[in-house]
Amino acid sequence: MLLLVDGSSYIYRAFHALPDLRTAAGFPTGAIRGVITMLERIVETYQPQHFAVVMDAPGKTFRHDWYKEYKAHRPSMPEDLSVQIPVLLKLIEWHGWPIVQISGVEADDVIGTLALQAKAANEPCVISTGDKDLAQLVQPGVELINTMTNETFDEAKVMEKFGVHPNQIVDYLTLVGDTVDNVPGVPKVGPKTAAKWLAQYGSLDSIIQQADSFPGATGEALRASLEWLPQAKRLVTVVCDIELPIEWQKCMFRIAERELILEEYKRLEFKSLINAYAKAKINIQADARRTAPSVTGEQAEENSKDHASEPDQSAYPRGPREIIRDLQALERWKKHLYEATYTAFDTETTSLDPLAAELIGLSFAVEGFGAAYIPVGHEEVVLARDEVLAVLKPWFESSKHLKICQHAKYDEHVLANYGIEVKGIHGDTLLQSYILTAHLQHGLDHLASRYLGWTLTGYEEICGKGAKQVPFATIPIEIAGAYACDDAESTLLIHQILTEKLEQLPAMNYVYREIELPAHEVLMRMERRGICLDADVLHEQSASLSRRLDALELEAHTLAGREFNLSSPKQIQCVLYDEMKLPVLKRTPKGQPSTDEEVLEELAENYPLPKLLLEHRTFSKLKSTYTDKLPLLMDSAGRVHTNYNQSVAVTGRLSSSEPNLQNIPIRSEEGRKIRQAFVAAPGYTLISADYSQIELRIMAHLSEDPRLLAAFESGDDIHKATAAEIFSVPLDQVTFEQRRYTKAINFGLMYGMSAFGLAVQLGIDRSSAQRYIEQYFQRYTGVATYLAKLKAQAKEQGYVETLFGRRLYLPEINAKGPRRSGAERAAINAPMQGTAADLIKLAMIQVQQWLDTTKIDAFLLLQVHDELVLEAKDLCVQQVVDALPDIMCGVTKLKVPLLVEVGAGNNWDAAH
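Here goes a summary of the coordinates provided. (Residues numbered from 1 in each chain as written. Predicted model: local features only at pLDDT ≥ 70, side-chain atom pairs only at ≥ 80, totals over all residues. Heavy atoms only, no water.)

1. So, helix 12 (residues 229-236)
Step number 1: What helix 12 keeps buried is the set L229, Q231, A232, L235 and V236. Within helix 12, the buried residues cover an arc of 160° as seen down the axis, which keeps them to one side.
Step number 2: Looking at the buried residues of helix 12, the elements they touch are helix 3 (62-66), helix 8 (169-176), helix 10 (204-209) and helix 11 (216-224). (Buried < 20%, exposed > 50% of the residue type's maximum accessible area, 1.4 Å probe, protein only. Helix = DSSP H or I, 4+ residues; strand = E, 2+ residues; numbered from the N terminus. Arc of directions from axis to C-beta. Contact = heavy atoms within 4.5 Å.)

Here it is, written out as structure tokens:
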């Protein structure tokens, strides 16, 4: 395989993505560090036989001769980047990575020429780049890997991404233009229009030939551009027959200059790279494939954030390991557990489902004594599980003896399966990592690599994968023990590192200690209790949905004039396009007319059959996802148990899975009926407590906008009050339509919605949507000022914060194009959504404390965004209903009153 790296793309990505890293003397190093770690990662991932880093040479190219304005608007390379290039090129050469750089020729043309040389020799080629222009090279045997997103682009993926085939990319770029290279396209023609035209007409030549038939302003723009288009196409076409001083077969690894690399790393103060490289296997033959150090791109970026305070990875050698095979050794380790300041422990089990998992082994790590593994469920019988748990139960249930875990909630569930209520959880490295770096991954293997320099053995490495995977209980105890001890000891060491980091950030430490850590205990209890389901209600709903689906199917067959499978995209495609001749709005990656939801919604505005198909899909999904599936997930007591994930959403929101109880649709009648199947246990009642318009209230508090504050203080309908302001009408004269528009603006602004997005949502033109937004900001100047301040803070700090100090890092806030726009939208939304997430968690904690203190017969069951669902004994219902608003409104004080709406009923729908 030939692997070609677009070195220029790597350089700019590293320079703009990483913080401003410098040596103690002030020399910039971010681009060097980023590119080297990215190259290490991709070599390790693909293990190519042939490899080259292709770079743009300084100076003009032949395209400047074709068009003097080519790249004329591109700014000169920043000085902080240009001074790094010679050092970077030197390091690339010392690593033994071939560099191809030809004066007067762009890197794209070199890549295209080498790729097609390899293609002609039937050698597969992978091109690593962030440049969309190179999508034109994709064909069987030639793929792209996008350095920005790690997406692999074959022909189907190009079609999915751009809406055109790879052989249409040149025509697509010609129509759209390339602002980066200053190649104009057709004015008013964007990606969607270009893809639509090419889907309809096939090629640029065909579009040019039929230009007179194009209507409206875009047609005029096309006709005005006809003379320019051939030149534009010439400029965006990659030239693939360049004369090169090297052929693809000669792109080979060379012997790395190990000592020179390490010396340069020391000069650049790359401590983590020094340690990783020193441990790596270096090639000793000129034609040998080099094994890269075990440093990932993610790790490089994260290490760079703490550049000045990186841990000395050599300071973390593994401690002694012990397999506990008899009661004497168990008693000795029990003594260590009781004497330790705190102990890290981990469970090895039979399942990822904590309520179904059986215990196979326990591992412990204590500072100064290393780690130990106690096998209790292996095929090779050593110690009896019940006997071991009887010895350790007093320690597990002692709140005085502090315990550290990675994802403590799982381990607590597993031990609860054996009647052990774990107390004294002092730290959870999963949650610590999530608080510090919510945008990164938090698996123990990632944390061990990032903070300790350890490469942990993977589960699949010892158990195999797929059909050949064997149960952990069958693994030899020595191998299982080493694996488990690594988990426990790395957790102990990581906890020490992350605790120190959090203690230096008091606000984030508060979020960890006072919100996330106690919330995990509440969630564990909620998951364990579950909620009752009425299977008969769901079966009735399934039957009703079946009847609706049958009726829709019959009606669809009548409209089509024949029978067909409404769940078959191919048959729908045949009916809609081949037989009924409906317009083709979009094509699939394979070039077939699309039948996806977006297309059907657009067609449904004018044709009845697509509307029926959408209804059929909606009801089919409700049936398969909920009414058919939920009864299968009930336990023997008739309850379902969701799993709440604390470390997924970067804003701090919880997510629910297996089953997901947060996404049950409630806007449709059929969706609301599903909530009717969630019922109270006999003698109990369900209670729903919901924060009202919480994110808007948080917006008012944070922005301190006087009009918004006054509207909430008065208790008026906030959407009507806002409509009265921006439409300049009395409150009692606000129309339903005006309130609808304003509600969309109120919520849309919190999600960074553009005028275009608002126009789509309301079904109005973009200029009207823009006018409404401008009118809003004219009246609510405090909101406008606050949102502008948020963006500025995000650009300056690289993160935004919630009211309680939770941070959302935005690594792409200073990028260009859509990535920056996405980061700006996140910067606006995160403080509101994140603060709301913190509030509901604090409310859960306070409610649970009240339930424990009063010993009232009631239980928290569910959290769905801003809503809590409880189950209370019938005699206690009024007491709980009366208490909840005060408890939930009392968790914090805002500049506007908090409002909690409470309801009760025999099922979830009735309670809400």
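So that's the structure; there's more coming.
2. Some details on the environment of P58
Step number 1: Among the secondary structure elements, P58 is positioned in the loop between strand 2 (50-54) and helix 3.
Step number 2: Residues P58 and A827 lie 769 residues apart in sequence; the distance between their C-alpha atoms is 37 Å.

3. Overview of empty space enclosed by the protein
Step number 1: Under the defined criterion, the tally for this structure stands at 6 cavities of 30 Å³ or more.
Step number 2: In this structure, the largest cavity encloses a volume near 90 Å³.
Step number 3: Around the largest cavity, the lining comprises 13 residues; the ones closest to its centre are Y70, D108, D133, L235 and V236.
Step number 4: Here the residues of the lining of the largest cavity are counted per class, giving 5 nonpolar, 2 polar and 6 charged. (1 Å grid on protein atoms, 1.4 Å probe; cavity = no way out; pocket = protein on both sides within 12 Å on 5 of 7 lines; lining within 4 Å. Points joined across faces, edges and corners; volume = space filled by probe spheres on them. Nonpolar A, V, L, I, M, F, W, Y, C, P; charged D, E, K, R; others polar.)

4. Concerning the packing of aromatic side chains
Step number 1: Evaluated as defined, the whole model comprises 23 aromatic pairs.
Step number 2: Consider the rings of F51 and F253, whose centres lie 5.3 Å apart with planes at 5°: the pair is stacked. Of the two residues, F51 sits in strand 2 while F253 sits in the loop between helix 12 and helix 13 (258-268), which places them 202 residues apart along the sequence. F253 carries the same exposure label as F51, and that label is buried.
Step number 3: Among the aromatic residues, those joined into a ring-pair cluster are F345, F364, W395 and F396.
Step number 4: The ring of F270 has R33 sitting right over it, with the charged end atom 5.2 Å from the ring centre.
Step number 5: Between the NZ or CZ atom of K403 and the centre of the ring of W395, over which it lies, the distance is 4.7 Å. (Phe/Tyr/Trp six-rings, centres within 6.5 Å; stacked < 30°, edge-to-face > 60°. Lys NZ or Arg CZ within 6 Å of the ring centre and 35° of its normal.)

5. Focus: the pairing of strand 9 (residues 359-366)
Step number 1: Counting buried residues along strand 9, 8 of its 8 residues qualify, which places the element largely inside the surrounding structure.
Step number 2: As judged from the 6 bridges shared by strand 8 (residues 342-349) and strand 9, these two strands associate in the antiparallel manner. Bridging across to strand 9, T349 finds its partner in L359.
Step number 3: Sheet analysis places strand 9 next to strand 10 (residues 370-375), joined by 6 bridges and oriented antiparallel. Looking at strand 10, one finds that A365 is bridged to A371.
Step number 4: Where strand 9 folds back on strand 10, the antiparallel hairpin that results is connected by 3 residues, among which G368 adopts a positive phi of roughly 90°. (Pairing = 2+ DSSP bridges.)

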